[in-house]
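Read off the chains here:
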Amino acid sequence: MDATWYVRVTRARMENNRWRHLVSSPDPQVRAARNHSTPAGGRGPVVAVTGAATGVGALLTERLAASDEIKQVVAIDERRGECDAAQWHILDVRDPAIADKLRGADVVVHLALDLDLGSDSAARTAYNVRGTQTVLTAAAAAGVHRVVLCTSAMVYGALPDNELPLSEEAELKATAEATGVGDLLEIERLARRAPRAHPGLNVTVVRPAVLVGGTDTALTRYFESPRLLVVAGSRPAWQFCHVEDLCGALEYAVLEKVDGELAVGCDGWLEQEEVEELSGIRRMELPSAVALGAAARLHRIGLTPSPAGDLAYTMYPWVVSGSRLHDAGWRPRWTNEEVLAELLEEVAGRHTVAGRRLGRKDATAAGAAGATVALLGAAAVVRRARKARRRV
C-alpha cells in the first residue's frame, strides 16, 4: 500500500484523537434507547443525512422527506440545500459540534465525502477519514442506533481472477492505487471497528457499482473518450448503478429492512464488446506495459487526474451480486443498458482522454488521430505554456 497514503491516514487518526474527548459517551438510558427504531408516539425513524445539499445526499434527503415511513429528516451540510421539508444544520462534518445536531436522530446516513478528481489527495483523505470518524463517534454520543455509510464496490478490487459476480462476503482486495479507494478502505475499517468501540451502535455499509446520474468519476469519464481504451489481454465486465437505485438501497438500510455490508448495482453485467456495440464508440487496444506506463507518467507530471491504478477497474471484473438486498425484496429499477444510455447522454459533448478533459479543438484532433496522439499533443501544449510563463 502506498506509504504516503498511509502517513496521511495516520495523521488523520491522530487529529481525531485530539477532539474525541469533546464528545462524551451516552448515558445508560440513551444507550438502551438505541434498540428502539421507531420513536414513541411517532411514525418511523428520525433520519439525519450528511452531505445533504448536493449529489446523492440531496436526492436521498428529498426521497426520505417525501416518505410516509420517515418521521423527520435532519439535513447536514456546509450550505443549505433545496429540500424545505428537512430540518437544516449548516456545519462541517468534522466539527465535534455535530453530536448536538444528531441528538434525537435514530439513523444517520453519512454521504459527505470528497471523491472529486480535482481535489488535493492529502486534503481529500483528511476530510473523508476524519469526517467519517467524527460522524461515527458523534452518533454514538448522541444515542443514534444506526449509521449507514456509502463506499463503493471498488473496495473489492478489480482482479483477473474475481468471480462473476462477487458476493458481499468476498474479501476486500483493493489497494490505495486508484482515485479515492484508499479513503474508502479506511472508511470500511472504521465501519468494522465502530460497533466494538461503541457497543449498541450498528453500522451498515452500502457499496455501489459504477455510479451514474450526475456523477463525475474516472470511470464515467472513460465514456467521454473518442476511443475506449482496452488493455490487451484484459477481461472487462461493466456493471452500473443509477443514483436512484442507490437511494432506494439506502432507504432500505434506513428502514432496517436489511443490514450489514450491502452491494448494489444493476442485475448482471455487460461485456466490453456489448459496451462498444451499445455506445457506438470503437476501441483502441494497447499492450498492458504501454497503457499502464503511460498512465503513470502522465499522472506523475500532472497532465491527467487519474493514477494508473484507475485502469485496473476498466481491465478486470468487479461485478457484485447484491444478494442481500435482493433477499430483502429490493430490486433495481434500471438495467445496465439503460444506465449506459443515460451516461452517454450525460457526457455528450464532453471530450476526455486518460481522464483529462479536452477543449473542442483538442477533441477534433483526438477523433482524427487517436487518443495517444491527443495525449502527446496535450503534453506539448503544457510544455509550451510552462516555457511561456518562464519567459515572462
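Residues numbered from 1 in each chain as written. Predicted model: local features only at pLDDT ≥ 70, side-chain atom pairs only at ≥ 80, totals over all residues. Heavy atoms only, no water.

Student: When you look at the overall build of the protein chain in this model, what are you seeing that I'm missing?
Tutor: When its secondary structure is counted, the protein chain shows 14 helices and 15 strands. Contacts in the protein chain between residues at least 24 apart in sequence constitute 78% of all its contacts with a sequence separation of at least 6. Accessible surface, the protein chain as shown: approximately 17,600 Å² in total, 50% of it carbon and sulfur. (Helix = DSSP H or I, 4+ residues; strand = E, 2+ residues; numbered from the N terminus. Contact = heavy atoms within 4.5 Å. Areas by Shrake-Rupley, 256 points an atom, 1.4 Å probe, with all protein chains shown as cover.)

Student: Teacher, can you tell me more about the side chain of Ser-234 here?
Tutor: Topologically, Ser-234 is positioned in the loop between strand 8 (228–231) and strand 9 (237–238). Here Ser-234 falls in the buried class, since its relative accessible area comes to 17%. Leave out the neighbours within four places in its chain, and Ser-234 touches Met-315 and Tyr-316. (Buried < 20%, exposed > 50% of the residue type's maximum accessible area, 1.4 Å probe, protein only.)

Student: I'm lost on the sheet that holds strand 1 (residues 46–50) in this one. Help?
Tutor: Strand pairing in a sheet is mediated by backbone hydrogen bonds. Such pairs are either parallel or antiparallel. Reading across from one edge, 3-2-1-4-5-6-11 is the order of the seven strands in this open sheet, with parallel pairing throughout. Edge positions in the open sheet fall to strand 3 (87–90) and strand 11 (261–264), since each of these has one partner strand only. Each strand axis lies, on average, 20 degrees off the axis of its neighbour in the sheet, ignoring direction. In terms of strand pairing, strand 1 meets strand 2 (residues 72–77) through five bridges, oriented parallel. From the neighbouring strand, Val-49 faces strand 2, where its bridge partner is Ala-75. In the packing of helix 5 (residues 121–142) onto the sheet, contacts are made with strand 1, strand 4 (107–110), strand 5 (146–150) and strand 6 (202–208), and the angle to strand 4 comes to roughly 180 degrees. (Pairing = 2+ DSSP bridges. Axes fitted to C-alpha atoms, helices over the stretch in contact; angles between N-to-C directions.)

Student: In this structure, what is going on with unusual backbone geometry? I would like to understand it.
Tutor: Note: most peptide bonds trans; most residues except glycine with negative phi. The residue after Leu-164, namely Pro-165, is reached through a cis peptide bond having omega -5 degrees. You can see Pro-165 is positioned in the loop between strand 5 and helix 6 (181–197).

Student: So what exactly am I meant to see when it comes to the packing of aromatic side chains here?
Tutor: Applying the stated criterion across every chain yields a total of six aromatic pairs. Following the ring pairs from residue to residue traces out a cluster consisting of Tyr-222, Phe-223, Trp-238 and Phe-240. Cation over ring: Lys-257 sits above Tyr-252, and NZ or CZ is 4.8 Å from the ring centre. (Phe/Tyr/Trp six-rings, centres within 6.5 Å; stacked < 30°, edge-to-face > 60°. Lys NZ or Arg CZ within 6 Å of the ring centre and 35° of its normal.)

Student: Even after reading the chapter, I still don't get the side chain of Glu-188, so can you show me in this structure?
Tutor: Mapping Glu-188 onto the fold places it in helix 6. Side chain to side chain, Glu-188 and Thr-151 meet in a polar contact 2.8 Å long. Ignoring sequence-local partners within four residues, the contact set of Glu-188 consists of Thr-151, Val-155, Leu-172, Val-205 and Arg-207. (Polar contact = N/O pair within 3.5 Å; in protein donor to acceptor, adjacent residues only side chain to side chain.)

Student: Where do I start with helix 5 in this structure?
Tutor: An α-helical segment advances 3.6 residues per turn. Residues three or four places apart therefore align on the same side. Between its first and last C-alpha, helix 5 extends 31 Å over 22 residues, near the 32 Å set by a 1.5 Å rise per residue. Within helix 5, 17 of the 22 residues are buried, which leaves it mostly tucked inside the rest of the structure. Between the side-chain oxygen at the start of helix 5 and the backbone nitrogen of Ala-122 there is a gap of 3.2 Å, and the oxygen is on Asp-120. Gly-143 sits one or two residues past helix 5 and shows a positive phi near 85 degrees. (Expected span 1.5 Å × (residues − 1).)

Student: Sorry, what's going on with the pattern of salt bridges here?
Tutor: Close approach of charged atoms lets side chains of opposite charge pair. Overall, the coordinates contain 13 salt bridges when judged by the stated rule. Bridged by salt links that share partners, the residues Glu-273, Glu-276, Arg-283 and Glu-285 form one connected network. (Salt bridge = Lys/Arg side-chain N within 4 Å of Asp/Glu carboxyl O.)

Student: Can you help me understand the pairing of strand 2 in this one?
Tutor: Along any regular strand the residues' side chains alternate between the sheet's two faces. Where burial is concerned, most of strand 2 is hidden: five out of the six residues are buried. Following the backbone out of strand 1, through helix 3 (residues 55–65) and into the adjacent parallel strand 2, one traces a crossover that is right-handed. Taken together, the four bridges between strand 2 and strand 3 define a ladder with parallel strand orientation. When the bridges of strand 3 are listed, Val-74 appears paired with Gln-87. (Right-handed = clockwise from strand over helix to strand, strands pointing away.)

Student: Honestly, a negative patch on the surface in this entry has me stumped. Any pointers?
Tutor: Together, Glu-271, Glu-274, Glu-277, Glu-337 and Glu-338 line one region of the surface with negative charge. Sorting the residues of the negative patch by element identifies helix 9 (272–279) and helix 12 (336–347) as the ones contributing at least two each. Within the secondary structure, Glu-277 is located in helix 9. (Patch = residues over 30% accessible without salt bridge, like charges linked within 9 Å, V, L, I, M, F, W, Y side chains within 5 Å. Lys, Arg positive; Asp, Glu negative; His and termini not counted. Charge placed at Lys NZ, Arg CZ, Asp CG, Glu CD.)

Student: What exactly am I supposed to notice about the confidence of the model for the protein chain here?
Tutor: In low-pLDDT segments, the atomic positions of the prediction should not be examined closely. Taken residue by residue, the protein chain gives an average pLDDT of 85. The fraction at 70 or more is 79%. Low confidence marks residues 360–374, where pLDDT is under 50. Its contacts with residues over four positions away, or in another chain, come to 16 contacts. Segment residues 376–385: pLDDT under 50, and four contacts once partners within four positions in sequence are set aside and those in other chains are kept. (pLDDT = per-residue confidence, 0-100.)

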